[in-house]
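The primary structure of each chain is shown beneath.
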Amino acid sequence: MFLSCIKTMNIIILFFLFCVGLSHGANQKTPFHGRKGQWQLLLKNTGVVGMHMALTYKNTVIMFDQTGAGQSRYKLRKRFDGTMCSTSRNDLIDSTCYAHSIEYDISSNRIRPLRLDTDPWCSSGSFLSNGTLLQIGGYHQGAKRVRFYRPCGNHQCDWKQSKKSLSDERWYASSQILPGHDRVVVVGGRRTFTYEFVPKISPNEKSFELPFLHQTNDRNSEGNNLYPFTHLSSDGNLFVFANRDSILLNLRRNKVIKTFPRIPGKGSRNYPSSGSSVLLPLDHKDKFQKVEVMVCGGSSTGALKAARRKRFIEGLRSCGRMVITGNKHTWEMDYMPKPRFLQDMLILPTGNILIINGAKHGCAGYDNARNASLEPYLYSPNKRLGKRFRVLKETKIARMYHSSATLLPDGRVLVAGGNPHGRYTFHNVAYPTELRLQAFVPHYMEKRYHTWRPSNLTIEHVSGGGGDNHAIGYGKEFSVRFLLRKRENDHEVKFSVYSPPFTTHAFGMNQRMLNLRCKRMVRRSEGWVDAVLEAPPSSFVAPSGYYLLTVVNGGIPSMSRWIQFVHA
Ligand SMILES: *[C@@H]1O[C@H](CO)[C@@H](O)[C@H](O)[C@H]1NC(C)=O
Ligand SMILES: *[C@@H]1O[C@H](CO)[C@@H](O)[C@H](O)[C@H]1NC(C)=O
Ligand SMILES: *[C@@H]1O[C@H](CO)[C@@H](O)[C@H](O)[C@H]1NC(C)=O
């Protein structure tokens, strides 16, 4: 009895040491030091502007713009009601003969049109725990609508509009999936100083006043607080940043429980100033309790008024980082290589932040920006202050207002859209409507690192999940297997999970990364490695739903696999 107990302990200690052994020396220089990445042109014409974009767990990407923009470059042969679109003059100018939403299939690099009944222009979105995209609000008749998109692998699925409507109009609002039940909170909108839940728990549940949205509203500049940055803290409270200020909101008690210091610097961070924000990766080492937000860029005070007179003021260079948990809150300031707004900020599988798209002068809105930011930046959160930004390979295609970007499961970043005009405009303007689809291919995908790249990642064994194959219960262990051809002892093997965002107007809603605990790791023959990982402890830390699991070997990520965290 005693002996066998010691034996078990020995085995555990051996495995454990091995896990730590692989994690030794995290600060070594990665082999790709100095590399800048590449650009790929994927499609010349997506037909519609990639203004809103979201990656589904079926490896498709949903994109849409606005039904009010008239004739898109995706002409339908048949209307969605089944009637033919002829070449008659009437049909040529009939907007129902044109698509305004598409599904992009990553593996075949093809698109197909999707049906929209009302206008989802400048709306928000969140994935539910079963992978269905819940998309909220829009313009005009779409402003109070809720739409569902249930992803599929067979090109048959489409948008469905809910019969229930929102309490308030949500145009330029942000949404966030919540812990526990499949509920989303949607915050703000133009002239809407409230938040509400979708779906409602009871039929008479209404929206809730949020005076903070009044206080931060810059009336002379179209708000400067639209598309507020919303992040779910791991205590279940909602962080809301608008204009220059931020609060922590307890949604159960409808109460502001913290008011954070104002971010330093002049200017504003939210639409139409349109900086961006991310939640930095959460880590198992502190039980996911340290929650830190980052806000970057934006426009200078008066930028909108000036842009209307065709004067384009330089944007903001500053970025602030602040820990929102605990009880000490200060913004640590840093500076991007150049001013930037209208940028997307995406968490790469390595845990670094990619800053891509945007402009240097002016602000968001129609024809309000000049000097496109053609070079992405790589921000390494764990490097020393002053050493965190790196300039990557430039593109030739401007992506400013109404562009977006999203991470793909193979590690590339899909980049689409750009249209600073109310309609599709291709001639005689500084920045024409942009329908080309690109991928930014980060340095870690170069051929020379293929031997470093963990491959053939599979999820082998799941204990205590739901019925589904890759559904994993909170706090449960699960095993993964992968091939690791080359590993040097001084490089770390890490495991991350990532919930892909709904991106629009320079903000990736619901984007979240967690570094998981590796409990043991064993090297088998011919390069195979088995690892036992621990799922996040609760839906406060990681709301239920689909995540991309990635193994990262010394800064080189594997292809990601979908897993789902559920309440067991
Ligand atoms: C997911 O849940 C939503 C809302 O309950 C439902 O409309 C949808 O059909 C579900 N999707 C799947 C894939 O089961
Ligand atoms: C574009 O940037 C350059 C260099 O900073 C600046 O001189 C120029 O005025 C900018 N253009 C506009 C239209 O703001
Ligand atoms: C790994 O995956 C690749 C591509 O999916 C496949 O061709 C190869 O046979 C796999 N290798 C092993 C050893 O299973």
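So, a few notes on the structure that sits alongside this text.

The rules behind these values
- Residues numbered from 1 in each chain as written.
- Chains lettered and ligands numbered in written order.
- Predicted model: local features only at pLDDT ≥ 70, side-chain atom pairs only at ≥ 80, totals over all residues.
- Heavy atoms only, no water.
- Helix = DSSP H or I, 4+ residues; strand = E, 2+ residues; numbered from the N terminus.
- Contact = heavy atoms within 4.5 Å.
- Areas by Shrake-Rupley, 256 points an atom, 1.4 Å probe, with all protein chains shown as cover.
- Lys, Arg positive; Asp, Glu negative; His and termini not counted.
- Charge placed at Lys NZ, Arg CZ, Asp CG, Glu CD.
- Disulfide = S-S within 2.5 Å.
- Buried < 20%, exposed > 50% of the residue type's maximum accessible area, 1.4 Å probe, protein only.
- Pairing = 2+ DSSP bridges.
- Axes fitted to C-alpha atoms, helices over the stretch in contact; angles between N-to-C directions.
- Near = heavy atom within 4 Å.
- Polar contact = N/O pair within 3.5 Å; in protein donor to acceptor, adjacent residues only side chain to side chain.
- Salt bridge = Lys/Arg side-chain N within 4 Å of Asp/Glu carboxyl O.
- Nonpolar A, V, L, I, M, F, W, Y, C, P; charged D, E, K, R; others polar.
- Core = buried A, V, L, I, M, F, W, Y, C linked by side-chain atoms within 4.5 Å.
- Domains from an automatic or database assignment.

Attention now moves to the overall build of the protein. Across its full length, the protein carries 4 helices and 43 strands. Each principal axis of the C-alpha distribution contributes one length, and for the protein these read about 85 × 55 × 55 Å. For the protein, restricting intrachain contacts to residue pairs at least 6 apart in sequence, the fraction spanning at least 24 positions comes to 63%. Summing over all exposed atoms, the protein offers an accessible surface of approximately 23800 Å²; the carbon and sulfur share of this is 50%. For the protein, the centre of its 79 positive side-chain charges and the centre of its 41 negative side-chain charges are spaced 3 Å apart.

Attention shifts here to the state of the cysteines. Scanning the entire structure with this criterion turns up 3 disulfides. Paired through a disulfide, Cys-85 and Cys-97 show a sulfur-sulfur distance of 2.0 Å. Looking down the S-S bond of the Cys-85 and Cys-97 bridge, the torsion is -95°, so its handedness is left-handed. Of the two residues, Cys-85 sits in the loop between strand S3 (60–64) and helix H2 (89–92) while Cys-97 sits in the loop between H2 and strand S4 (101–105), which places them 12 residues apart along the sequence. Judged by its relative accessible area of 0%, Cys-97 falls in the buried class. Disulfide pairing is shown between Cys-152 and Cys-157; the S-S distance is 2.0 Å. In this structure the cystine formed by Cys-152 and Cys-157 twists about its S-S bond by roughly -70°; its chirality is therefore left-handed.

On the basis of which strands lie adjacent, the open sheet formed by 4 strands has the order S18-S20-S21-S22 and antiparallel pairing. Both edges of this open sheet fall to strand S18 (276–279) and strand S22 (332–335), since each of them pairs with a single strand only. Neighbour to neighbour, the strand axes of the sheet diverge by 20° on average, direction disregarded. Examined bridge by bridge, S18 and strand S20 (residues 292–296) share 4 bridges and lie antiparallel to one another. Its bridge partner lying in S20, Ser-277 is registered against Val-295.

Near ligand 1 you find Leu-128, Asn-130, Thr-132 and Arg-150, and these make up its full shell. Within the contact set of ligand 1, an oxygen atom lies 2.4 Å away from a side-chain nitrogen or oxygen of Asn-130. Contact distances for ligand 1 include 2.9 Å between a nitrogen atom and a side-chain N or O atom of Thr-132. About the coverage of ligand 1: the protein hides 55% of its 360 Å² of free accessible area.

In the structure shown here, the tally under the stated rule is 26 salt bridges. Three or more residues joined by partner-sharing salt bridges are found here, namely Glu-477, Arg-517, Lys-519, Arg-520 and Glu-534.

The side chains of a regular strand alternate, residue by residue, between the two faces of the sheet. The buried fraction of strand S21 (residues 318–323) amounts to 5 of the 6 residues, a majority that puts the element mostly inside the structure. The pairing of S20 with S21 spans 5 bridges and is antiparallel. Within S21, the residue paired with Val-293 across the bridge is Met-322. Bridge count between S21 and S22: 4 bridges; the pairing is antiparallel. Bridging across to S22, Arg-321 finds its partner in Glu-332.

Across the sheet, which stays open at both edges, the 4 strands sit in the order S10-S11-S12-S13 with antiparallel pairing between neighbours. The strands lining the two open edges of the sheet, one partner per strand, are strand S10 (174–177) and strand S13 (208–209). Relative to S13, strand S12 (residues 194–198) runs antiparallel, the two sharing 2 bridges. Residue Tyr-195 lies in a different strand from S13, and its bridge partner there is Phe-208.

This part takes up the site of ligand 2. Taken together, Phe-312, His-361, Arg-370 and Asn-371 make up all the residues around ligand 2. When the free accessible area of ligand 2 is taken as 360 Å², the share hidden by the protein chains comes to 40%. Within the shell around ligand 2, the residues separate by chemical class into 1 nonpolar, 2 polar and 1 charged.

Attention now goes to the nonpolar core. Counting 131 residues, the largest nonpolar core has Val-413, Phe-478, Val-480, Phe-482 and Phe-495 as its most contacted members. With 5 residues, the single largest contributor to this core is strand S41 (residues 545–553). Viewed by domain, this core spans two of them, domain 2 (34–445) and domain 3 (447–566), each represented by three or more residues. Beyond its immediate sequence surroundings of up to four residues, Val-480 is in contact with Leu-457, Thr-458, Ile-459, Glu-460, Phe-495, Val-529, Asp-530, Ala-531, Leu-533 and Leu-549. By size, the runner-up hydrophobic cluster in this structure holds 16 residues, among which are Val-187, Phe-193, Leu-249 and Leu-251.

Attention shifts here to the environment of Ile-201. Assignment of secondary structure puts Ile-201 in the loop between S12 and S13. Each C-alpha atom, one on Ile-201 and one on Pro-543, is 18 Å from the other, the two residues being 342 residues apart in sequence.

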